[in-house]
Amino acid sequence: MMLREGINRVRDLFNTNTDQGQFGTSSTTEAYTDTALVAPVAATLVSTTSTTGTQWVIKTATVSSVLGNSNTYREFGLIRDTNDTLMGRSTFTGLAKTNLFNMRGNTRYFFK
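Worth saying up front: this structure is predicted, and the values here are computed from it rather than measured.

Undergrad: Mind showing me how you'd approach the environment of N15 here?
TA: Positionally, N15 belongs in helix α1 (residues 4-16). Counting along the chain gives 38 residues from N15 to G53, while the straight-line C-alpha distance between them is 11 Å. Not counting residues up to four positions away in its chain, the partners in contact with N15 are S50, T52, V57 and K59.

Here you go:
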């Protein structure tokens, strides 16, 4: 059995290695074998911030109101900056981005 300390070290490794987030326009369902966003929008590739707790981490990517407008976003991914490896991907109901708001992607991972 892996103990809490070991689980938190795995959490920290994941947290350290997912330092960018990006949005895309595809509604293709995510799969375990995904290696990239299906339809990434380059203007939405931004650094992430993190919040951690015992056995969990929340990764947040915020795209400002001046970036990535006039697209309808349906996917979000967490990316390792050093080699562009997709570490996590999720899809959602479409969100039409305009210059009237910032867009934020939050993903919470639990480690057990």
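Undergrad: I would appreciate a short explanation of the nonpolar core in the present structure.
TA: If you look at soluble globular proteins, the nonpolar side chains tend to sit buried side by side. Counting residues in hydrophobic clusters, the biggest one holds 13 residues, and the most contacted among them are F14, F23, V63, Y73, F76, M103 and F111. Taken together, the elements giving at least two residues each to this core come down to α1, β3 (56-63) and β4 (72-80). Leave out the neighbours within four places in its chain, and V63 touches F23, T44, V46, K97, N102 and M103.

Undergrad: Before we go on, may I ask you to explain the sheet that holds strand β6 (residues 103-110) in this structure?
TA: Through backbone hydrogen bonds, the strands of a sheet pair up, either in parallel or in antiparallel fashion. Taken in spatial order, the six strands line up as β5-β4-β1-β2-β3-β6 in an open sheet, and their pairing is antiparallel. Both outer strands of the open sheet, β5 (85-96) and β6, are each paired with one neighbouring strand and no more. Averaged over all adjacent pairs, the angle separating strand axes in this sheet is 30°, with direction ignored. Sheet analysis places strand β1 (residues 20-24) next to β4, joined by five bridges and oriented antiparallel. Its bridge partner lying in β4, Q20 is registered against I79.

Thresholds applied
Residues numbered from 1 in each chain as written. Predicted model: local features only at pLDDT ≥ 70, side-chain atom pairs only at ≥ 80, totals over all residues. Heavy atoms only, no water. Helix = DSSP H or I, 4+ residues; strand = E, 2+ residues; numbered from the N terminus. Contact = heavy atoms within 4.5 Å. Core = buried A, V, L, I, M, F, W, Y, C linked by side-chain atoms within 4.5 Å. Buried < 20%, exposed > 50% of the residue type's maximum accessible area, 1.4 Å probe, protein only. Pairing = 2+ DSSP bridges. Axes fitted to C-alpha atoms, helices over the stretch in contact; angles between N-to-C directions.

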